[in-house]
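Below, each chain spelled out in residue letters.
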Amino acid sequence: MTEPSPGASGLVDPTLAARVLERALARGGDFAELYAEARRGFAISLDDGRVERPQGGRELGACVRVVQGDSTYYGYVDGLAEEDLLRVAESASQALRGEARAPARLEAVRPVTEIHPIEIRPEEVEVSRKADVLRACDEHARGLAPEVTQARIGYVEGRRQVEVFGSDGRAADDDRTRVRLSAQVVARRDGRVETGSDTRGRHAGWELIAADPEEVAEKAARRALTQLDAVDAPTGRLPVVVGNAFGGVLLHEAVGHGLEADAVQKRASVYAGRLGEKLAQPFVTAYDDGSRRNEWGSDGVDDEGTPTQRTTVIEEGRLTSYLYDIVTARRDKAEPTGNGRRESFRHLPVPRMTNTFFAPGDATPEELIGEIERGLYAVSFGGGQVEPATGDFVFGVSEGYLIENGEVTAPVRGATLVGNGVDALAAIDGIAGDLDIASGYCGKGGQSVPAGVGQPHVRIRELTVGGTA
């Protein structure tokens, strides 16, 4: 296939798109949509000092869906040939038995602007230069201490050019480029083995990677080395300070998924029917914001062509909004919030978070920690489980420390946090001003999409800590 030129998708002619939508509504339906996508990706990694074979690929395809009431009919096709697009539109309409409905005239949602600028297109950087970055990270990690015995460094880049045409007249396109550098380091001492990891990723170009990439490897290595001296984690009800950046995965999982409108409408969320209710102290505000400049979870429009935006989900302690795609917004007679996201043209969009985070507060991390006599400092998390219907969660702490007499002391191993999202929100009693957003991937309904998880340092008055002491 021929890759579209930068800055202009040019995937589907609008005249053809209008014919596809007309064909999709030939037997009725509330609305129809054509989603087209061109995707390219590249990945390279280094393991045990050896650069592994680079991998790359390209895809081109489209999806047509027709929505009638609570039912959705869709099909997808590889490639963008006219006859294939018309055929898949015909197929999506087959289940309907109503009268034909004429789509509205297509108009651009807004002029195409470069919301997330790319300084250095990653596909224009030589593979050898990318391999050199991996080697430099590996050498830097190993040079920090003799206990560092292994490092795995990975780099991925991807570009998605999408076009969305809706029977309501929506016509939108977006050009998305993401890069991500990751490091996982192993340290050994006296038969004890520990690992540490770190990542750096954004909706950006090679410029993000070129700026001191060894820092990623150093953070991963120092975490592994620190864990070699870790003591058993305490057990009991303790005050917990949660770190910024990836510490925000607690908000993402324990609260965010319960605010996605499909879970709310199925009554599978503990937050259903609670708009306007006070859930936290007045100094607690939280956002989902897919428009933040160059953030990992940001896009110009979502995968339904709705412009991304900042949605205040908690304002001064009160629940103020859910996260909607077009279908769920229609059910609630609400406006879409720009949260209709899909993994690719082979998937249907569903309500998903973009970048979810607490607003910065007035405290400093030192002040939050300094007022605790005995507690836990949870810097980042590993695996976890959350039940959106109840809000109950269990998280493993991948990097944590004891807090004793207002000071961060020994690192701990084997700590887990057990609690409930609603209870944890109510127990927040301090927020620092050091907002940072990390890059992650969020899985839901068999789909995975990039999601920014972040927050400032946050203090929770009391949580159940499951430890090994």
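Residues numbered from 1 in each chain as written. Predicted model: local features only at pLDDT ≥ 70, side-chain atom pairs only at ≥ 80, totals over all residues. Heavy atoms only, no water.

Enquirer: Which residues make up the overall build of the protein, and what values go with them?
Expert: Within the protein one finds ten helices and 24 strands. Against the compact-globule benchmark of 23 Å for 469 residues, the protein has a radius of gyration of 24 Å, which places it among compact chains. Overall, the protein is about 70 × 55 × 35 Å in size when its C-alpha atoms are taken along their principal axes. Looking at the protein as a whole, 54% of its 469 residues are labelled buried. Contacts in the protein between residues at least 24 apart in sequence constitute 74% of all its contacts with a sequence separation of at least 6. Carbon and sulfur atoms form 46% of the exposed surface of the protein, whose accessible area is close to 19,500 Å². (Helix = DSSP H or I, 4+ residues; strand = E, 2+ residues; numbered from the N terminus. Rg over C-alpha atoms; globule rule 2.2 N^0.38 Å. Buried < 20%, exposed > 50% of the residue type's maximum accessible area, 1.4 Å probe, protein only. Contact = heavy atoms within 4.5 Å. Areas by Shrake-Rupley, 256 points an atom, 1.4 Å probe, with all protein chains shown as cover.)

Enquirer: Tell me about the nonpolar core, and please be specific about residues and values.
Expert: By size, the foremost hydrophobic cluster in this structure holds 48 residues, and its most contacted members are Tyr271, Phe381 and Leu417. Sequence-distant contacts of Phe381, defined by excluding residues within four places in its chain, comprise Val242, Phe246, Gly247, Val249, Leu250, Phe395, Gly396, Val397, Ser398 and Leu417. Core analysis: the next-biggest nonpolar cluster, separate from the first, contains 30 residues, Ala141, Val179, Leu181 and Ala183 among them. (Core = buried A, V, L, I, M, F, W, Y, C linked by side-chain atoms within 4.5 Å.)

Enquirer: Kindly report on the sheet that holds strand β13 (residues 318-319), identifying the contributing residues and their values.
Expert: Within the open sheet, the six strands sit side by side as β13-β12-β11-β16-β23-β22. Their pairing is mixed. Two strands lie at the open edges of the sheet, namely β13 and β22 (436-444), each paired on one side alone. Strand direction decides the pairing type here: strand β11 (residues 286-289) and strand β12 (residues 310-315), joined by four bridges, are antiparallel. Its bridge partner lying in β12, Ala286 is registered against Ile314. (Pairing = 2+ DSSP bridges.)

Enquirer: Would you mind going over the pairing of strand β3 (residues 55-68) in detail, with residue names and values included?
Expert: Note: strand β1 (residues 31-47) against β3, 13 bridges, orientation antiparallel. Residue Ala43 lies in a different strand from β3, and its bridge partner there is Gln55. Bridging between β3 and strand β4 (residues 71-78) involves eight bridges; their strand directions are antiparallel. The residue bridging Cys63 from the neighbouring strand is Tyr76, located in β4. Connecting β3 to the next strand, β4, in antiparallel fashion are two residues, including Gly69 with a positive phi near 60 degrees.

Enquirer: I'd like to hear about unusual backbone geometry, residue by residue, with values.
Expert: Positive phi, normally seen in glycine, also occurs at Asp212, with a value near 50 degrees. Along the chain, Asp212 falls in the loop between α4 (207-210) and α5 (214-227).

Enquirer: Residue-level account of the environment of Arg160, with values.
Expert: Locating Arg160 in the fold gives a position in strand β6 (residues 148-166). Owing to a relative accessible area of 12%, Arg160 belongs among the buried residues under this scheme. Within the structure, Arg160 has its side chain in polar contact with the side chain of Tyr35 (distance 2.7 Å). (Polar contact = N/O pair within 3.5 Å; in protein donor to acceptor, adjacent residues only side chain to side chain.)

Enquirer: Provide a residue-level description of the packing of helix α1 (residues 14-24) against helix α2 (residues 82-93), including the pertinent values.
Expert: As a packed pair, α1 and α2 sit with axes 7 Å apart at the nearest point and diverge in direction by 25 degrees. With respect to each other, α1 and α2 are oriented roughly parallel. Crossing angle aside, the handedness with which α1 passes α2 is right-handed. On the side of α1, the interface is formed by Leu16, Arg19, Val20, Arg23 and Ala24, while α2 contributes Glu82, Leu85, Leu86, Ala89, Glu90 and Ser93. (Axes fitted to C-alpha atoms, helices over the stretch in contact; angles between N-to-C directions. Parallel < 35°, antiparallel > 145°, perpendicular 65-115°, else oblique. Left-handed = near helix turned anticlockwise from the far one by under 90°.)

Enquirer: Explain helix α3 (residues 127-143) to me, and be specific about the residues and the numbers.
Expert: Residues spaced three or four apart along an α-helix face the same direction, because each turn holds 3.6 residues. Spanning 17 residues, α3 covers 24 Å between terminal C-alpha atoms, matching the ideal 24 Å at 1.5 Å per step. The complete set of buried residues in α3 reads Lys130, Ala131, Val133, Leu134, Cys137, Asp138 and Ala141. For α3, the angular spread of buried residues about the axis comes to 155 degrees, placing them on one side. The exposed residues of α3 that point more than 90 degrees off its buried face are Glu139 and Gly143. (Expected span 1.5 Å × (residues − 1). Arc of directions from axis to C-beta.)

Enquirer: So, the pattern of salt bridges: which residues are in play, and what are the values?
Expert: Throughout the structure, instances matching the rule amount to 48 salt bridges. A salt bridge links Glu33 to Arg170; the nearest nitrogen and oxygen atoms lie 3.7 Å apart. With a gap of 137 residues between them, Glu33 in strand β1 and Arg170 in strand β7 (residues 170-189) connect regions that are remote in the sequence. Accessibility classification places Glu33 together with Arg170 in one group, the buried group. (Salt bridge = Lys/Arg side-chain N within 4 Å of Asp/Glu carboxyl O.)

Enquirer: Could you give an account of the confidence of the model for the protein, naming the residues involved and the relevant values?
Expert: Model confidence for the protein is summarised by a mean pLDDT of 94, while 97% of its residues fall at 70 or above. When the criterion is pLDDT under 50, residues 1-8 qualifies, and its contacts beyond four places in sequence or with other chains add up to 18 contacts. (pLDDT = per-residue confidence, 0-100.)

Enquirer: I'd like a description of the packing of aromatic side chains, backed by residues and values.
Expert: Overall, the coordinates contain seven aromatic pairs when judged by the stated rule. For the pair Tyr76 and Phe345, a centre-to-centre distance of 6.2 Å together with 70 degrees between the ring planes defines the contact as edge-to-face. With Tyr76 in strand β4 and Phe345 in the loop between β14 (340-341) and β15 (350-351), this residue pair connects regions lying 269 residues apart in the sequence. According to the relative accessible area criterion, Phe345 is buried, its value standing at 0%. For the ring pair Trp296 and Tyr441, a centre distance of 5.6 Å and an interplane angle of 90 degrees mean the geometry is edge-to-face. Of this pair, Trp296 sits in the loop between β11 and β12 while Tyr441 sits in strand β22, and the two are 145 residues apart along the sequence. (Phe/Tyr/Trp six-rings, centres within 6.5 Å; stacked < 30°, edge-to-face > 60°.)

Enquirer: Let's hear about the side chain of Ser93: which residues, and what values?
Expert: Structurally, the position occupied by Ser93 is in helix α2. On the basis of relative accessibility, which here comes to 0%, the residue Ser93 falls in the buried class. Apart from the residues within four sequence positions on either side, Ser93 is in contact with Arg23, Ala24 and Arg27.

Enquirer: Describe in detail the environment of Gly391, supporting the description with residues and values.
Expert: Among the structural elements, Gly391 can be located in the loop between β17 (374-387) and β18 (392-404). Separated by 245 residues in the primary sequence, Gly391 and Pro146 place their C-alpha atoms 44 Å from one another. The contacts of Gly391, once residues within four sequence positions are left out, are Val270, Gly419, Asn420 and Gly421.

Enquirer: Give a description of the packing of α3 against α5 that names residues and reports values.
Expert: The relative placement of two packed helices comes down to the angle between their axes together with the axis-to-axis distance. Their axes nearest at 8 Å, the elements α3 and α5 cross at an angle of 35 degrees. Handedness of the α3/α5 crossing: right-handed. Residues Ala136, Cys137, His140 and Ala141 of α3 form the contact with α5, whose participating residues are Glu214, Ala217, Glu218 and Ala221. In terms of residue class, the contact of α3 with α5 is built from five nonpolar, one polar and two charged. (Nonpolar A, V, L, I, M, F, W, Y, C, P; charged D, E, K, R; others polar.)

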